[in-house]
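Now for the letters of each chain:
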Amino acid sequence: MKKTILVTGGAGFIGSNFIRYVFERTGFKGKIVNLDKLTYAGNPENLADIAKKFRGRYVFAKGDICAHNAVLALMKKYCVSAVAHFAAESHVDRSIFGPKDFIETNIHGTFSLLEAARNFWAGRKDVRFHHVSTDEVYGSLGASGKFRETTPYNPRSPYSASKASSDHLVRAYGHTYGLPATISNCSNNYGPYHFPEKLIPLVLLNALEGKPLPVYGDGLQVRDWLYVEDHCAAIWRIMNKGRPGATYNVGGSCEKKNIDVVKGICAALEALAPAAANPTLGGREYTDLITFVKDRPGHDRRYAIDFSRITKELGWRPSVDFRSGLRKTVSWYLANGAWVKNVKTGAYRKWLDKNYKR
Ligand code: NAD
Ligand code: TYD
């Protein structure tokens, strides 16, 4: 594929992994323009090496997806023929404490981007708009069952409601204007460059510092975990081979209770950076740091994904199992102390400290 892809939110966790994946793993010969507002979650450092290695084919543009005219100008300037839309406010806890930015970016921002694509592409069919979404739009499951693409939407947090709304807009643009759009609804990702407000990197880094490992409520909530590179591979396959108008669920076949995820991180840490050799632990085990805290308001109990459609139609399935994915992740954080230090001293920390006094 030799074209220009506009990636929105490419300085965040999954977007930066996606750009790295496309340049290094797919044989892609074209250009990527990364449009990112650089909120607390955006970090150009995530792609510093890529920017050097692919100079001329990687362009960073600081900007807001809500700024319709600027987005349209960018699409024209670089003759964009595909969009991979990651930009979003992505953290459920933040959406509970302050939903406004979620409505702005996730809903208005997606609308602005869709309008830019519709205006610029003007009915072309050799283009593609891919919208990256979440399984959380389907709501919460009981003890059994899985989300399918046909499961009715039932979002229950401001985050998932804003993502559901953006999904509906994307589908409406496909249906009404014929925009060649696809959507992926994916389960919880983990891996390198994950911002440490989310469960896995938060627990991992707290453990290394001998701080409490906060488990919300009874810790028996279930999430389905997918290594981020597997998600990137799924998105790439959908962008290249997926049916315009189709939605694809993406998941890891990896349902875990939160408490077991936390214990798994402790085990991976013990293997790679034993507690006994860590002076901040003062003789304690990593698991001694597990602390049950007040539950998240409206906390969804269980997510599970049926991803048989993408397997059947596009041959995608997850390739990294949870144990090795966790090990890879822990190793990455241990080897990237400078990245961790920069991120931890950033603005997000102040927010966390203010809202989650522990
Ligand atoms: P992230 O919070 O790590 O990154 C979001 C990026 O978007 C940041 O770089 C931020 O600066 C940028 N951004 C925010 N508002 C913007 C705006 N108005 N204009 C331009 N850029 C803006 O998020 P993530 O975890 O990488 O998630 C990426 C996408 O994947 C999101 O759409 C999210 O809903 C979806 N998703 C995430 C997960 C997950 O487990 N993290 C799972 C399924 C789907
Ligand atoms: P999170 O990583 O925030 O992702 P999401 O809410 O999108 O699933 O949380 C994953 C699960 O872990 C979720 O059930 C909430 C829980 N959790 C904790 O128990 N403690 C924490 O400190 C965090 C951030 C999350």
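A brief structural summary. (Residues numbered from 1 in each chain as written. Chains lettered and ligands numbered in written order. Predicted model: local features only at pLDDT ≥ 70, side-chain atom pairs only at ≥ 80, totals over all residues. Heavy atoms only, no water.)

Considerations on the site of ligand 2
Okay, so step 1: Taken together, 15 residues are adjacent to ligand 2, and Glu136, Tyr216, Asn258, Arg296 and His299 come closest.
Okay, so step 2: The side chain of Asn188 places a nitrogen or oxygen atom 2.9 Å from an oxygen atom of ligand 2.
Okay, so step 3: Between ligand 2 and the protein, one listed contact pairs an oxygen atom with a backbone N or O atom of Tyr216 at 2.9 Å.
Okay, so step 4: Tallied by class, the residues present in the shell around ligand 2 amount to 6 nonpolar, 4 polar and 5 charged. (Near = heavy atom within 4 Å. Polar contact = N/O pair within 3.5 Å; in protein donor to acceptor, adjacent residues only side chain to side chain. Nonpolar A, V, L, I, M, F, W, Y, C, P; charged D, E, K, R; others polar.)

Side note on the site of ligand 1
Okay, so step 1: Close to ligand 1 lie 29 residues; Ile14, Asp36, Ser90, Tyr159 and Lys163 are nearest.
Okay, so step 2: The side chain of Lys163 places a nitrogen or oxygen atom 2.6 Å from an oxygen atom of ligand 1.
Okay, so step 3: Separating an oxygen atom of ligand 1 from a backbone N or O atom of Asn189 is a distance of 2.9 Å.
Okay, so step 4: Calculation on ligand 1 without its partners gives an accessible area of 840 Å², and the protein chains cover 97% of this total.
Okay, so step 5: Secondary structure elements with two or more residues in the shell around ligand 1: helix H1 (13-25), strand S5 (128-134), helix H6 (158-177) and strand S7 (188-190).
Okay, so step 6: Examining the composition of the shell around ligand 1, we find that 3 residues originate from one element, S5, more than from any other.
Okay, so step 7: Broken down by class, the residue content of the shell around ligand 1 amounts to 12 nonpolar, 12 polar and 5 charged. (Areas by Shrake-Rupley, 256 points an atom, 1.4 Å probe, with all protein chains shown as cover. Helix = DSSP H or I, 4+ residues; strand = E, 2+ residues; numbered from the N terminus.)

Considerations on unusual backbone geometry
Okay, so step 1: A positive phi angle, close to 55 degrees, is found at Leu38, a residue other than glycine.
Okay, so step 2: Take Leu38: its relative accessible area is 25%, and that puts it in the partly exposed class. (Buried < 20%, exposed > 50% of the residue type's maximum accessible area, 1.4 Å probe, protein only.)

Description of the packing of helix H11 (residues 322-335) against helix H12 (residues 337-344)
Okay, so step 1: Contact geometry for H11 and H12: axes closest at 5 Å, N-to-C directions at 80 degrees. In terms of their interaxial angle, H11 and H12 are classed as roughly perpendicular. Every residue of H12 that contacts H11 at Trp332, Tyr333, Leu334 and Ala335 is listed here: Gly337, Trp339 and Val340.
Okay, so step 2: Residue composition of the contact of H11 with H12, grouped by class: 6 nonpolar, 1 polar and no charged. (Axes fitted to C-alpha atoms, helices over the stretch in contact; angles between N-to-C directions. Parallel < 35°, antiparallel > 145°, perpendicular 65-115°, else oblique. Contact = heavy atoms within 4.5 Å.)

Focus on the packing of aromatic side chains
Okay, so step 1: All chains considered together, the criterion is met by 20 aromatic pairs.
Okay, so step 2: Centre to centre, the rings of Phe147 and Tyr303 are 6.1 Å apart; their planes meet at 45 degrees, and the pair counts as tilted. Of this pair, Phe147 sits in the loop between S5 and H6 while Tyr303 sits in the loop between strand S12 (290-293) and helix H10 (308-314), and the two are 156 residues apart along the sequence. Of the two residues examined, Phe147 and Tyr303, each falls in the buried class.
Okay, so step 3: Chaining the aromatic ring pairs together yields one cluster made of Phe18, Phe23, Phe28, Phe54, Phe86 and Trp236.
Okay, so step 4: Seen from the ring of Tyr40, Arg94 lies directly overhead, with NZ or CZ sitting 3.4 Å from the centre.
Okay, so step 5: Taking the ring centre of Tyr303 as reference, the NZ or CZ of Arg223 above it sits at 4.0 Å. (Phe/Tyr/Trp six-rings, centres within 6.5 Å; stacked < 30°, edge-to-face > 60°. Lys NZ or Arg CZ within 6 Å of the ring centre and 35° of its normal.)

Some remarks on the nonpolar core
As a rule of thumb, soluble globular proteins bury nonpolar side chains together.
Okay, so step 1: Counting residues in hydrophobic clusters, the biggest one holds 37 residues, and the most contacted among them are Ile5, Phe18 and Ile310.
Okay, so step 2: Elements supplying a minimum of two residues to this core: strand S1 (4-8), H1, strand S4 (82-85), helix H8 (228-241), strand S10 (247-250) and H10.
Okay, so step 3: Sorting elements by how many residues they give to this core places H8 first, with 8 residues.
Okay, so step 4: Contacts of Ile310, omitting those with residues within four sequence positions, involve Ala234, Ile238, Tyr248, Asn249, Val250, Gly315 and Trp316. (Core = buried A, V, L, I, M, F, W, Y, C linked by side-chain atoms within 4.5 Å.)

With respect to the pairing of S5
Okay, so step 1: The element S5 is extensively covered by neighbouring structure, given that 7 of its 7 residues are classed as buried.
Okay, so step 2: Where burial is concerned, the two faces of S5 agree: the one with Arg128, His130, Val132 and Thr134 and the one with Phe129, His131 and Ser133 are both buried.
Okay, so step 3: For S4 and S5, the ladder comprises 4 bridges, and the chain directions are parallel. Considered in S5, the bridge of Ala82 is made with Arg128.
Okay, so step 4: Here S5 pairs with strand S6 (residues 181-186) via 6 bridges, running parallel. Counterpart to His131 in the pairing with S6 is Ile183.
Okay, so step 5: Running through H6, the crossover from S5 to the neighbouring parallel element S6 is right-handed. (Pairing = 2+ DSSP bridges. Right-handed = clockwise from strand over helix to strand, strands pointing away.)

Quick look at the sheet that holds S7
Okay, so step 1: Pairing is mixed in the open sheet, where 3 strands are placed in the order S7-S9-S11. Edge strands, defined here as strands with exactly one partner in the open sheet, are S7 and strand S11 (255-257). Across this sheet, the average inter-strand angle for adjacent strands is 50 degrees, counted without regard to direction.
Okay, so step 2: One ladder, built from 3 bridges, connects S7 with strand S9 (residues 222-227); its direction is parallel. Bridge assignment links Asn189 to a residue of S9, and that residue is Leu226.
Okay, so step 3: Along the sheet face, H8 touches S7 and S9 and points at about 75 degrees away from the line of S9.

Regarding the sheet that holds strand S2 (residues 31-36)
Okay, so step 1: A sheet is described by the order of its strands in space; here 7 strands give the open sequence S3-S2-S1-S4-S5-S6-S10, paired in parallel fashion. Two strands in the sheet have a free side with no partner beyond their single neighbour: strand S3 (58-62) and S10. Taken over all neighbouring pairs, the strand axes of this sheet differ in orientation by 20 degrees on average, direction set aside.
Okay, so step 2: H1 contacts S1, S2, S3 and S4 of the sheet and is inclined by roughly 175 degrees relative to S2.
Okay, so step 3: Packed onto the sheet, H6 meets S5, S6 and S10 and runs at close to 155 degrees relative to S5.

Keep in mind these values describe shape, not function.
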